[in-house]
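Residues per chain, in single letters:
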Amino acid sequence: MSSVLIKNESRLGLKLVAPAVGIIGLLVIYPILFNIYLSFFDVQLNGTKTFVGMENYTDLLGNPRYYHSIGVSVIYLIGTVIGTTVLGLAAAILMNQEFRFRNLARGLILLPYFAPVISVVFGWQFIFDPVNGIYNHVVVDVLHLTDTRENLIGNPDSALFVVIVFDIWKHFPIAYLLFLAKLQSVPKDLYEAAAIDGQNAWGRFWHVTLPELRFVIATVVLLRIIWNLNRFEDVYLLAPNVETLPIFTYYQAFAGIVDQGVAAAISVIQLLVLVGLIWLYVRKVIKW
């Protein structure tokens, strides 16, 4: 192949990727750089900016609400990541077995993930409504476990538990799909050999299934951490009193005493954490 042809192909390749690069730069790179720029300024609502250097970061590190939001986010991440991984794995193992109407069941499992978030949030708010909700009706009127109706979503401590359960229910199907796809590629001979060696169902799961799923489990865990660290709409719509990092950032930027410079600083720190997690995913899981 001549050098002229190689150069022409290189120019054609650059022309083909240029629109995508331009869109990525406009919609992704520019906002990130502008956010880093804002984190060094005191931003007023009228648009005026005063350079303050690292003051936003020092104010943030001295703010107890920031550390509280970190603690809430850690609890939220631990609960949702473990919950979605375990439930997704259990559903995948079950759906990998032969039984009647299996294809129908496989389709129904996906409904929570594809259902519009605003619709299911309203449904969950009705379930936990302190006056007419199904939860309080069952606990108080049917089972008589308590005499008082509880507003679980109105209480920030119990609302965090509700948000975790909601996220597990809403997002475990994606973990289920990844696990099921891998389980279907595991050779049956491995399970037969384990059974011949005297392994029971638990032994086959521990010595065959888990080693085969190790890569997928690592992928699911890291991706769920990355996604949920940025999760805003599910938490805010269901229980805005659960102040995870994205919710805390929103309140700093747009509600109450607006301080967009501090909000930008929060986003920069969160970006650095996400970059570290993505690097870990690329190097340790994908092994690029």
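Residues numbered from 1 in each chain as written. Predicted model: local features only at pLDDT ≥ 70, side-chain atom pairs only at ≥ 80, totals over all residues. Heavy atoms only, no water.

The protein is annotated in an unreviewed UniProt entry as Sugar ABC transporter permease from Marinomonas foliarum. Under the heading Subcellular location (unreviewed entry), UniProt records this for the protein: "Cell membrane". Regarding the protein, the UniProt comment filed under Sequence similarities (unreviewed entry) reads as follows: "Belongs to the binding-protein-dependent transport system permease family." (UniProt positions renumbered as here; feature names shortened; annotations may be inferred.)

Next up on the list: the packing of helix H3 (residues 64-95) against helix H8 (residues 156-183). With their axes 6 Å apart at the nearest point, H3 and H8 run at an angle of 40° to one another. Overall, the two elements H3 and H8 adopt an arrangement that is oblique. At the point where H3 passes H8, the crossing takes the right-handed sense. Of the residues belonging to the contact of H3 with H8, the class tally is 19 nonpolar, 7 polar and 1 charged. (Axes fitted to C-alpha atoms, helices over the stretch in contact; angles between N-to-C directions. Helix = DSSP H or I, 4+ residues; strand = E, 2+ residues; numbered from the N terminus. Parallel < 35°, antiparallel > 145°, perpendicular 65-115°, else oblique. Left-handed = near helix turned anticlockwise from the far one by under 90°. Nonpolar A, V, L, I, M, F, W, Y, C, P; charged D, E, K, R; others polar.)

Next up on the list: the pattern of salt bridges. Evaluated as defined, the whole model comprises 6 salt bridges. Of the charged contacts, one joins Glu-98 and Arg-102 as a salt bridge, the two residues approaching to 3.6 Å between their closest N and O atoms. Note on Arg-102: relative accessible area 16%, which makes it buried. Residue Arg-149 is joined to Asp-141 by a salt bridge in which the shortest nitrogen-to-oxygen separation is 2.6 Å. On the accessibility criterion, Arg-149 (34% relative accessible area) is partly exposed. Via salt bridges that share partners, Asp-167, Arg-224, Arg-231 and Glu-233 belong to a single interconnected network. (Salt bridge = Lys/Arg side-chain N within 4 Å of Asp/Glu carboxyl O. Buried < 20%, exposed > 50% of the residue type's maximum accessible area, 1.4 Å probe, protein only.)

One can find Thr-84 in helix H3. Here Thr-84 falls in the buried class, since its relative accessible area comes to 0%. There is a polar contact of 2.6 Å between the side chain of Thr-84 and the backbone oxygen of Thr-80. Reaching out from Thr-84, the side chain makes a polar contact with the backbone oxygen of Val-81 at a distance of 3.2 Å. (Polar contact = N/O pair within 3.5 Å; in protein donor to acceptor, adjacent residues only side chain to side chain.)

In this structure's numbering, the residues bearing the UniProt feature "transmembrane region" (unreviewed entry) are residues 12-33, 66-95, 107-127, 159-181, 213-230 and 250-282. Secondary structure content for residues 159-181 is 100% helix and 0% strand, and the end C-alpha separation is 34 Å. End C-alpha to end C-alpha, residues 213-230 measures 26 Å, and it is 94% helix and 0% strand.

So, about the packing of aromatic side chains. Here the structure, examined in full by the defined rule, presents 21 aromatic pairs. Between Tyr-37 and Phe-41 the ring centres are 4.6 Å apart and the planes differ by 45°, which places this aromatic pair in the tilted class. With 5.4 Å between their ring centres and 85° between their planes, Tyr-113 and Phe-114 make a pair best called edge-to-face. On the basis of relative accessible area, Tyr-113 is assigned to the partly exposed category, the value being 32%. Following the ring pairs from residue to residue traces out a cluster consisting of Tyr-30, Phe-34, Tyr-37, Phe-41 and Phe-51. (Phe/Tyr/Trp six-rings, centres within 6.5 Å; stacked < 30°, edge-to-face > 60°.)

We now examine H3. The end-to-end C-alpha distance of H3 is 46 Å, a good match for the 46 Å that 32 residues give at a rise of 1.5 Å each. Between the side-chain oxygen at the start of H3 and the backbone nitrogen of Arg-65 there is a gap of 3.0 Å, and the oxygen is on Asn-63. (Expected span 1.5 Å × (residues − 1).)

It is worth spelling out the nonpolar core at this point. One recurring pattern in soluble globular proteins: nonpolar side chains tend to sit buried together. Counting residues in each nonpolar core, the largest one holds 20 residues, and the members touching the most others are Val-162, Val-163, Leu-238 and Val-242. The element contributing the most residues to this core is H8, with 7 residues. Residues within four places of Val-242 in sequence aside, it is in contact with Val-72, Pro-156, Ala-159, Leu-160, Val-163, Val-235 and Ile-247. The next biggest cluster of nonpolar side chains, apart from the first, holds 17 residues, and it includes Ala-105, Ile-109, Phe-172 and Val-216. (Core = buried A, V, L, I, M, F, W, Y, C linked by side-chain atoms within 4.5 Å. Contact = heavy atoms within 4.5 Å.)

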